[in-house]
Every structure is written in C-alpha cells, then in structure tokens.
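# Residue-level structure breakdown
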Amino acid sequence: MSIIATVMNSTTGLAIQKMKFERMPKPWVTFHLENGEQVTADRVHVGKPAPGKFITPVEVWVTPKG
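Residues numbered from 1 in each chain as written. Predicted model: local features only at pLDDT ≥ 70, side-chain atom pairs only at ≥ 80, totals over all residues. Heavy atoms only, no water.

### What to know about the environment of R23
Examined against the element boundaries, R23 turns out to sit in the loop between β2 (15-21) and β3 (30-32). Sequence separation between R23 and I4 is 19 residues, and the spatial gap between their C-alpha atoms is 9.4 Å. (Helix = DSSP H or I, 4+ residues; strand = E, 2+ residues; numbered from the N terminus.)

Right, dumping it as structure tokens:
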C-alpha cells in the first residue's frame, strides 16, 4: 500500500507538493522534488485521521535550498 504525503516547507510552513511513497518515509529520507531539487526530510509528521475517515495525513517537512 502506498503512502501519499504532503511535502511541507520548514521555513515558510507552506505545502510544496503532494508525493507518493511506496512505504512510510523515514525521517532521514532523501528525494527529488518536481523541480528537480534534491532535499532531505527534516521530520515526518503523522496526524490523526478525521472522524469517520481511514486516511491518515502524513507530512514530510523539508528545507529547500532554492
């Protein structure tokens, strides 16, 4: 089962993009954004699902250089 996570900017607090991972991302995961920039996760936040929902929100916080 794949995980759909929201990639968040650590400096601004804004969402950068949605990304699909094959498994739960580790806090030290390194990946490429849509613009080609390579980033490393600062932290991974797993939230609670909304009442009556089964999808858990996952946020991967990164600090892009550009």
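### Concerning the nonpolar core
Of all hydrophobic cores here, the largest spans 13 residues; its most connected members are V7, F21, F31, V60 and V62. Beyond its immediate stretch of four places on either side in the chain, F21 contacts S2, I3, A5, F31 and V60. (Core = buried A, V, L, I, M, F, W, Y, C linked by side-chain atoms within 4.5 Å. Buried < 20%, exposed > 50% of the residue type's maximum accessible area, 1.4 Å probe, protein only. Contact = heavy atoms within 4.5 Å.)

### So, the side chain of Q17
For Q17, the location among the structural elements is in strand β2. Of the polar contacts made by the side chain of Q17, one reaches the backbone nitrogen of E34; its length is 3.1 Å. When near neighbours in sequence (up to four residues on either side) are disregarded, Q17 contacts A5, T6, V7, L33 and E34. (Polar contact = N/O pair within 3.5 Å; in protein donor to acceptor, adjacent residues only side chain to side chain.)

### A word on the packing of aromatic side chains
Scanning all chains against the criterion turns up one aromatic pair. Relative to F31, the ring of F21 lies with its centre 5.6 Å away and its plane at 85°, an arrangement referred to as edge-to-face. Taken together, the positions of F21 in strand β2 and F31 in strand β3 put the pair 10 residues apart, joining distant regions of the chain. Residues F21 and F31 agree in their burial class; the two are buried. A cation sits over an aromatic face here: R43 above W61, 4.5 Å from the ring centre. (Phe/Tyr/Trp six-rings, centres within 6.5 Å; stacked < 30°, edge-to-face > 60°. Lys NZ or Arg CZ within 6 Å of the ring centre and 35° of its normal.)

### Brief notes about the sheet that holds strand β5 (residues 58-62)
Within the open sheet, the five strands sit side by side as β2-β1-β5-β4-β3. Their pairing is mixed. Whereas interior strands pair on both sides, the edge strands pair on one side only; in this sheet they are β2 and β3. Geometrically, the sheet is characterised by an average inter-axis angle of 40° between neighbouring strands, direction not taken into account. Pairing geometry for strand β1 (residues 3-9) and β5, over four bridges, is parallel. Residue pairing in the sheet places V7 in a bridge with V60 of β5. (Pairing = 2+ DSSP bridges. Axes fitted to C-alpha atoms, helices over the stretch in contact; angles between N-to-C directions.)

These figures capture arrangement, not role.
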